[in-house]
Each structure stands twice: as C-alpha cells, then as structure tokens.
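For reference, the chains in residue letters:
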Amino acid sequence: MEKKLITELTDFIGQSPTAFHAIDSLKKMMALEGFSELKEAEKWDLCPNGKYFVTRNNSSIIAFNIGNDLGEYSFHVTASHSDSPTFKLKENTEMDVAGKYTVLNTEGYGGMICSTWFDRPLSLAGRVMIKKDNGIETKLVKIDKDLLMIPSIAIHMDRKVNDGKAFNKQVDMLPVLSGSAKKSGEVKTIIANELGVQTDDIYGMDLFLYNRMEAVRWGSEEEFIGCPRLDDLECAFTSAKAFLASENKKNINVFACFDNEEVGSLTKQGAESTFLFDVLWRVNQALGFGQEDYYRALAGSFMLSCDNAHAVHPNNKQKTDATNCVYMNEGVVIKSHAGQKYTSDALSIAVFKMICEKANVPVQFFANRSDEIGGSTLGNLAMSQVSMNTIDIGLPQLGMHSAYETAGTKDATYMVDAIKTFYNLHIKANADGNYILED
C-alpha cells in the first residue's frame, strides 16, 4: 500500500507544476468519486448525502460531503495549500543579451532557496486567457520539454561563491531561453503553438517556472522520496485521499486547498479570504438551516491545518529545538507556537492525539527554537474569517522551499490514516467546552 500511495503522490505532483494544475488534478479526483461541481455565481441546490466541490480563481478548491443525519452537525475541515515557491514571468519577458542570448525577465514568488534553481532543466506552466468571440476562456498550459535553465557562474569568476552568496533575483536568477536574440513575444508564440491558438487571441498569461526533475525514491532502504513541491502538495494529496475514502452521516466533511499561502494568503482565493466562510455559509443556507444553526455548528467544528514541517537536518541538528524536533518516517507532526503562528493548543492537541490513537498513527511534536523566527501557515489565517477549534499538523521533510525536497516514504500513509479517522468520527463539543469523539 505504501509503495502504491507514494507512486500516486508523485504522479499527482508531477501533473501539478502550478497551483492551477494542482486544483485541476484535485477536481479530476473529486469528479471520479461522483462529486458535482458548483459555481460561485450560480444558485446552489444541495441535499443530504450530496457530494460537491467549488473552485475560486481555478487555484483554490473546497469540496464537501454532506451527511444525512444532521441533527447535531458540525464541519470537519482540512486545509492545505496548492502553491509552492517559484519564479513568475513578467508581462514583457524576453530580454536580449548582446544579441547572443535571450533570457526571461522573472520575479520571485514566495521564499525559494535560490541556489537550488541553478543548473537544472526547467520549463513553463500556468494558465492562459484566450479570447473567444465576446468572452475569455481559460486554458492550462504545461510545456513538457526542457526549455530553460538558470546557469550558475563559474567559481573562477566568483571565488567567494562558497563563502555565502546573496543572489540578486533580477541579475542572477533569470533563465536562459535561447542562444540567439529573440523578438518580444517569443514566449507567447511558444504558448500559442502549444495550445493550438493564434498569438493575437492570447489576452493574458500567468506563467511560472517549474522544475523538470522527476521524483525518485532514495536511501539505502529507499526510505526517502525526492520530489519538487512536496510543500505542500504532499498534504494536499494525502488529505484529499483521506477525504474521498471517508464517510460521516452526522457531519459535513470539508476539504479545502488554498492558493497563495507562500505569499501571505491575502488574496481572494487565499486562506485569509472569505472563500471558506462563503462556502460553509452557503452550504448551511442551502440545506435549510438558519444563522443560529450555523454558529452552533461552527462552535462544534474542527479543522486540521495541514502543512509540512521541518525534520531534523542531519548536518545541522542544532537548528531545531532540543526536545520538540521531528524525524522523517516517524509519524504526523503536531506544530505549536506560543505566539500563535500555529493554532495548536492543549484542547486541539488532545483531540488530535485521540484521533491518532484510534488510527494507530504515531505523532511527533515540533516547535521552533525560542531564538529563531518561524514561519506561519494556514490555520491562524483562516480563523480570521471562520473561527473553530484548529490544530496545525504536517509531515516532516528536509529542504523545505528547495526546488527539490525530501520526505519519508512512510509518513504519507500515516497522514491518510489519521485524516480518514478524523473524517469518520463524529466530534461533539459539549456546553462546557469539552469534546466527545464518537465512532
């Protein structure tokens, strides 16, 4: 089962070079399991036992599975994100270098490790807006060839390259497209040819670089996987697998995958947008429940904020906390932070520990060193719009935000089992703030 799941995971990531492709892959997974697509601009007619999904910006998705015994219903939610650090093409992208090269003008998206993008095959993917009569049609594009490379400068020309290099994204990180001067619009021509459209019909493009290196299993026992975009497509895939394999008659199970986590989530489709609130409110209304029912449901709801965690680095163990540090292949990670960059607290940790005990899944605990500033993730941002008890969890990995990351082969199965158990349970909140977990 583990080998099959890892193959499915890496296939999913390979098909998802951008957030747009990741959401398209998730839509296909939902459709295969009988989920119906809803549109935000249309009226929703929902019913018990119904299975639905809706997207926003084609880069975020929320799917939900409605039970048929909703007398004490609540929402069981997982949240992950679809985006990863990369480089985005600027509008007028072709740049001539002495009439001998064409490089592309890009800007950084998210906090990538720049050095990992050098000297490896890259290509372009994203979405394209095509003029159709009086309207605009969206098409996904993925150039499936080794199209670009960002060459590093030789050590002979930069003797201090191994002494700590600060990379300038406008100077050092521009990918080479051609060994000759190309006219402005060359990229658009490449995209038009790929899609079989006229260049004049392309009215807009969101194009990103993606790493062409395929996933591998490595280690003396093949206990690791190396792959681009494990943060956070590993959590997106495993939570989706668990969601599709679960059933709960007494609740409304919700799977959410948001875009733009890597740049702060402050977009119409990010975790801090109204997307989750809008969907949950509309579901509540479409099922005939009122405002009082909605707030009662939220009070008993629970969210798993799923985003990968930093494993102990074998060459830099001192970078992690002495007692709250985690290792690959040793279980799901619970992340905590006194300053609330993570949402986990004693209550949510206790509930999740009970879930993992029922699932026979090991758990680990992560906290940043107290003298280091850590990152934040989805949970605390989503709570600004929809307040419910939440825990931040993830899977341990190395090389987070590298162009090629590493994770353990066992942990994906642990995550699926834990989340599937979460979705299958009926979690009830008592009036005194305590929780009961019913099978």
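Above this text you will find the structure in question.
Quick notes on the rules
- In every chain, residue numbers begin from 1 and rise along the written sequence.
- Per-residue local features of the predicted model are confined to residues with pLDDT of at least 70, and side-chain atom pairs are confined, for both listing and counting, to 80 or more; whole-chain, interface and lining totals are unaffected and use all residues.
- Excluding hydrogens and water, the side-chain figures rest on all heavy atoms present in the structure.
- We define a salt bridge as a side-chain nitrogen of Lys or Arg found within 4 Å of a carboxyl oxygen belonging to Asp or Glu.
- Each helix is a run of H or I in the DSSP string that is no shorter than four residues. Each strand is a run of E no shorter than two, and both are numbered from the N terminus.
- Throughout this description, buried means an accessible area under 20% of the type-specific maximum (1.4 Å probe, protein chains only), exposed means over 50%, and partly exposed covers the range between.
- Two strands pair under a simple rule: DSSP has to find at least two bridges between them.
- Axis geometry follows a simple rule: fit a line to the C-alpha atoms, using only the stretch in contact for helices, then measure angles between N-to-C directions, giving values from 0 to 180 degrees.
- Should any heavy atoms of two residues lie within 4.5 Å, those residues are counted as being in contact.
- Take the buried residues of types Ala, Val, Leu, Ile, Met, Phe, Trp, Tyr and Cys, join any two whose side-chain atoms come within 4.5 Å, and each joined set is a nonpolar core.
- Each aromatic pair joins two rings of Phe, Tyr and Trp (for Trp, the six-membered one) with centres within 6.5 Å, and gets the label stacked for planes under 30 degrees apart, edge-to-face for over 60, and tilted for any other angle.
- Think of it as a cone above the ring: NZ of Lys or CZ of Arg counts as a charge over the ring if it is within 6 Å of the ring centre and within 35 degrees of the ring normal.

With that settled, the discussion passes to the pattern of salt bridges. One pass over the structure, following the stated rule, counts 20 salt bridges. A salt bridge links Asp 206 to Lys 88, with the shortest nitrogen-to-oxygen separation between them at 3.3 Å. Here Lys 88 lies in strand β5 (residues 86-97) and Asp 206 lies in strand β10 (residues 202-211), a separation of 118 residues in the sequence. Given the relative accessible area of 22%, Lys 88 is considered partly exposed. A network of salt bridges, in which partner residues are shared, links Glu 72, Lys 250, Lys 428 and Glu 438.

The strand order β1-β2-β3-β13-β4-β14-β18-β16-β17 describes an open sheet built from nine strands, whose pairing is mixed. Edge positions in the open sheet fall to β1 (36-38) and β17 (363-366), since each of these has one partner strand only. Looking at each pair of strands side by side, their axes are set apart by 25° on average, direction ignored. Strands in contact with helix α4 (residues 230-244) are β3 (60-66), β4 (75-81), β13 (252-258), β14 (302-306) and β18 (389-394); relative to β4, the strand with the most contacts, it is inclined by about 150°.

Next up on the list: the nonpolar core. Of all hydrophobic cores here, the largest spans 53 residues; its most connected members are Leu 26, Phe 255, Leu 304, Phe 352 and Ile 393. The element best represented in this core is α4, accounting for eight residues. The contacts of Leu 304, once residues within four sequence positions are left out, are Val 77, Thr 78, Ala 79, Phe 352, Ile 391, Ile 393, Ile 419 and Phe 422. Counting residues in hydrophobic clusters, the runner-up holds 34 residues, among them Ile 66, Ile 252, Ala 256 and Met 388.

The description of an aromatic ring pair rests on the distance of the ring centres and on the angle between the ring planes. One pass over the full model with this rule turns up 20 aromatic pairs. Their ring planes at 5° and their centres at 6.4 Å tell us that Phe 277 and Trp 281 sit as a pair that is stacked. Here Trp 281 and Phe 277 lie together in helix α5 (residues 275-286), a separation of four residues that amounts to about one turn. Ring centres of Phe 302 and Phe 422 lie 6.2 Å apart, and the angle between their planes is 55°; this geometry places the pair in the tilted category. Within this pair, whereas Phe 302 is found in strand β14, its partner Phe 422 is found in helix α9 (residues 411-424), the two being separated by 120 residues in sequence. Since its relative accessible area comes to 0%, Phe 302 is described here as buried. An aromatic cluster of three or more residues is present, and its members are Tyr 73, Phe 75, Phe 277, Trp 281, Phe 289, Tyr 294 and Tyr 295. The ring of Phe 208 carries the charged tip of Lys 88 above its face, separated from the ring centre by 5.8 Å. Above the ring of Trp 44, the side-chain terminus of Arg 282 is found at 4.1 Å from the ring centroid.

Turning our attention to the sheet that holds strand β15 (residues 309-310). Spatially, β11-β12-β20-β19-β15 is the arrangement adopted by the five strands of the open sheet, whose pairing is mixed. Two strands lie at the open edges of the sheet, namely β11 (216-218) and β15, each paired on one side alone. Summarising the sheet, β15 and strand β19 (residues 396-398) pair through two bridges and their orientation is parallel. Bridge assignment links His 310 to a residue of β19, and that residue is Gln 397. Helix-sheet contacts for helix α1 (residues 2-14) involve β11 and β12 (224-227), and the interaxial angle to β12 is about 10°. Relative to strand β20 (residues 405-408), α4 is tilted by about 35°, and along the sheet it contacts β12, β19 and β20.

Here the residue pair Asp 231 and Asp 232 is connected by a cis peptide bond, since its omega of 10° sits within 30 degrees of zero. The backbone of Asp 133 shows a phi angle near 55°, a positive value even though the residue is not glycine. Inspection of the secondary structure assignment puts Asp 133 in the loop between β7 (122-132) and β8 (135-142). Even without a glycine there, the phi angle at Ser 265 is positive, about 70°.

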